[in-house]
Amino acid sequence: QVQLVESGGGLVQPGGSLRLSCAASGSIFSINTMAWYRQAPGKQRELVAASGGDTAYADSAKGRFTISRDNAKNTVYLQMNSLRPEDTAVYYCYAEVRTDYRRYTYQFWGQGTQVTVSP
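The sections below set out a description of the structure shown in this document. Just so you know, these numbers come straight off a predicted model, no measurement behind them. (Residues numbered from 1 in each chain as written. Predicted model: local features only at pLDDT ≥ 70, side-chain atom pairs only at ≥ 80, totals over all residues. Heavy atoms only, no water.)

1. Describing the side chain of R38
Next, step 1: Mapping R38 onto the fold places it in strand β4 (residues 30-39).
Next, step 2: At a separation of 3.3 Å, a polar atom in the side chain of R38 contacts the side chain of S60.
Next, step 3: In terms of polar contacts, R38 uses its side chain to reach the side chain of D87, at 2.9 Å.
Next, step 4: Not counting chain neighbours up to four residues away, the residues in contact with R38 comprise Q44, R45, E46, V48, S60, F65, E86, D87, A89, V90 and Y91. (Helix = DSSP H or I, 4+ residues; strand = E, 2+ residues; numbered from the N terminus. Polar contact = N/O pair within 3.5 Å; in protein donor to acceptor, adjacent residues only side chain to side chain. Contact = heavy atoms within 4.5 Å.)

2. Here's the deal with the packing of aromatic side chains
Next, step 1: According to the stated counting rule, one finds three aromatic pairs in the structure shown.
Next, step 2: Measuring from centroid to centroid gives 5.0 Å for Y37 and W109, while their planes differ by 65°, and the two rings are edge-to-face. Taken together, the residues span a long stretch of sequence, with Y37 in strand β4 and W109 in strand β10 (residues 106-109) at a distance of 72 residues.
Next, step 3: A residue is classified by how much of its surface remains accessible, and Y37, at 21% relative accessible area, is partly exposed.
Next, step 4: Grouped by ring-pair contacts, the aromatic residues Y37, Y94 and W109 constitute a single cluster.
Next, step 5: The ring of Y92 carries the charged tip of R45 above its face, separated from the ring centre by 3.7 Å.
Next, step 6: R45 extends its terminal NZ or CZ atom over the ring of W109, reaching a point 4.7 Å from the ring centre. (Phe/Tyr/Trp six-rings, centres within 6.5 Å; stacked < 30°, edge-to-face > 60°. Buried < 20%, exposed > 50% of the residue type's maximum accessible area, 1.4 Å probe, protein only. Lys NZ or Arg CZ within 6 Å of the ring centre and 35° of its normal.)

3. What to know about the state of the cysteines
Next, step 1: In this structure the tally under the stated criterion is one disulfide.
Next, step 2: C22 shares a disulfide with C93; S-S distance 2.1 Å. An S-S torsion of about -80° defines the bridge between C22 and C93 as left-handed. A residue pair is termed long-range when its members are at least 10 positions apart, and C22 in strand β3 (residues 18-26) and C93 in strand β9 (residues 89-98) qualify at 71 residues. Taken individually, C22 and C93 each receive the classification buried, so the pair is uniform in this respect. (Disulfide = S-S within 2.5 Å.)

4. Re the pairing of strand β8 (residues 75-80)
Next, step 1: A large share of β8 lies buried, amounting to five of its six residues.
Next, step 2: Of the pairings in the sheet, the one linking β3 to β8 comprises six bridges and is antiparallel in character. Bridge pairing links R19 to Q79 in β8. (Pairing = 2+ DSSP bridges.)

5. Things to note about the sheet that holds strand β7 (residues 65-70)
Next, step 1: One open sheet accounts for four strands, arranged β1-β3-β8-β7; its pairing is antiparallel. The sheet is open, and its two edges are formed by β1 (2-7) and β7, each paired on a single side. Going across the sheet, the axis of each strand differs from the next one's by a mean of 15°, ignoring polarity.
Next, step 2: Relative to β3, β1 runs antiparallel, the two being bridged by six bridges. The residue of β3 that forms the bridge with V5 is A23. (Axes fitted to C-alpha atoms, helices over the stretch in contact; angles between N-to-C directions.)

Interpretation in functional terms is not warranted from these geometric data alone.
Next up, the structure:
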């Protein structure tokens, strides 16, 4: 089994910054993709940024958010700058993991961390 543990959420004023971290542990052979999703109240979960062979960002995150990985630590980060009230959501970490030498991959989610952007 694989566990994803997020940290770094909190309350920040508009224009401020936060850095989210997500550490994966457990039966990990390798990790293909790591990503951040978010879900605001009453809305569907949406992709914010992903890091696999390439990086990808939602239009709302481009130019403000940066995803990065430390593969040695099985950790992904999301640096969020110029935060806006509409960024308020629960942010979830996602990982696509190979647990052994075979090609099968499994999807895992973190428990979520709240980000609130408010004056």
